[in-house]
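Structure at a glance
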Amino acid sequence: MDQGPTLTERDRRALGPATLDLATAFLVCRPGLLDRVQPESRTRMLLARIDHFIDANLTDRTLSPSDIAAHHHLSVRTLHTLFRQRERTVSATIRHRRLEGARAALSNPRLRTLPISAVAAQWGFTDATLFSRTFRVT
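Presented here is a report on the structure given in the accompanying data block.

Here's the deal with the nonpolar core
In this structure, Ile50, Ile54, Ile68, Leu79, Phe83, Ile94 and Trp123 are the most contacted members of the largest nonpolar core, which totals 22 residues. When residues of this core are traced back to their parent elements, those giving at least two are helix H2 (39-56), helix H3 (65-71), helix H4 (76-83), helix H5 (90-106) and helix H6 (116-122). Not counting chain neighbours up to four residues away, the residues in contact with Phe83 comprise Leu47, Ile50, Asp51, Ile54, Arg88, Thr89, Val90 and Thr93.

Brief notes about the pattern of salt bridges
Evaluation of the coordinates by the stated rule reveals four salt bridges. Among the salt bridges present, the one from Arg86 reaches Asp51, with a minimum N-O distance of 2.7 Å. Here Asp51 lies in helix H2 and Arg86 lies in the loop between H4 and H5, a separation of 35 residues in the sequence. According to the relative accessible area criterion, Arg86 is partly exposed, its value standing at 27%. Put simply, Glu87 and Arg88 hold a salt bridge, and the shortest N to O gap is 3.7 Å. One network of salt bridges, with partners in common, ties together Asp51, Asp55, Arg86 and Arg97.

Quick notes on the packing of aromatic side chains
According to the stated counting rule, one finds two aromatic pairs in the structure shown. With a centroid separation of 5.0 Å and 55 degrees between ring planes, the pair formed by Phe125 and Phe131 is classed as tilted. Judged by its relative accessible area of 11%, Phe125 is buried. For Phe131, a relative accessible area of 2% corresponds to the buried category. Relative to Phe135, the ring of Phe131 has its centre 5.5 Å away and its plane inclined at 35 degrees; by these criteria the two rings are tilted.

What about the environment of Gln122?
Of note, Gln122 is situated in helix H6. By relative accessible area, Gln122 is classed as partly exposed at 40%. For the pair Gln122 and Leu58, spaced 64 residues apart in the sequence, the C-alpha separation amounts to 9.2 Å.

Description of the packing of H2 against H4
Interhelical geometry of H2 versus H4 gives an angle of 105 degrees and a closest axis separation of 11 Å. It follows that H2 is roughly perpendicular to H4 by the angle criterion. Contacts between H2 and H4 involve Thr43, Leu46, Leu47, Ile50, Asp51 and Ile54 from the former and Leu79, Leu82 and Phe83 from the latter. In terms of residue class, the contact of H2 with H4 is made up of seven nonpolar, one polar and one charged.

Side note on unusual backbone geometry
Trans is the common state for peptide bonds, and a negative phi is the common state for residues other than glycine. Here the phi dihedral of His73 falls at roughly 55 degrees; this positive angle occurs in a residue that is not glycine. For His73, the location among the structural elements is in the loop between H3 and H4. With relative accessibility at 74%, the residue His73 sits in the exposed group.

Basis of the calculations
Residues numbered from 1 in each chain as written. Predicted model: local features only at pLDDT ≥ 70, side-chain atom pairs only at ≥ 80, totals over all residues. Heavy atoms only, no water. Core = buried A, V, L, I, M, F, W, Y, C linked by side-chain atoms within 4.5 Å. Buried < 20%, exposed > 50% of the residue type's maximum accessible area, 1.4 Å probe, protein only. Helix = DSSP H or I, 4+ residues; strand = E, 2+ residues; numbered from the N terminus. Contact = heavy atoms within 4.5 Å. Salt bridge = Lys/Arg side-chain N within 4 Å of Asp/Glu carboxyl O. Phe/Tyr/Trp six-rings, centres within 6.5 Å; stacked < 30°, edge-to-face > 60°. Axes fitted to C-alpha atoms, helices over the stretch in contact; angles between N-to-C directions. Parallel < 35°, antiparallel > 145°, perpendicular 65-115°, else oblique. Nonpolar A, V, L, I, M, F, W, Y, C, P; charged D, E, K, R; others polar.

Have a look at this one:
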């Protein structure tokens, strides 16, 4: 990587844990190594997988914390416990990301002819009135 010398101290500090997590993710694929991984790294990797799952399923209107927990072989309580270290709850995260997707769709000139209710439905909002209210608040 030619960029190394141009990285700021902040960039280097951020890359350290990311590099460690990447190496850890690679190594845990090896039998018997998962138990040797630091709990913080395991938690970060699990949250990254959960984030990816949420993003990949945002348009599923039925996406819920119980679906996410089941997919990751967790209890719903454990899932909520994992999210306590974050700014938003699981449900609030889903809602926020759906709103971000809807906001991007509504600002896309190619989708300008779509009714707002269609965009809302595409992003998992079944009630157009609730969508409008929620959209305005955020």
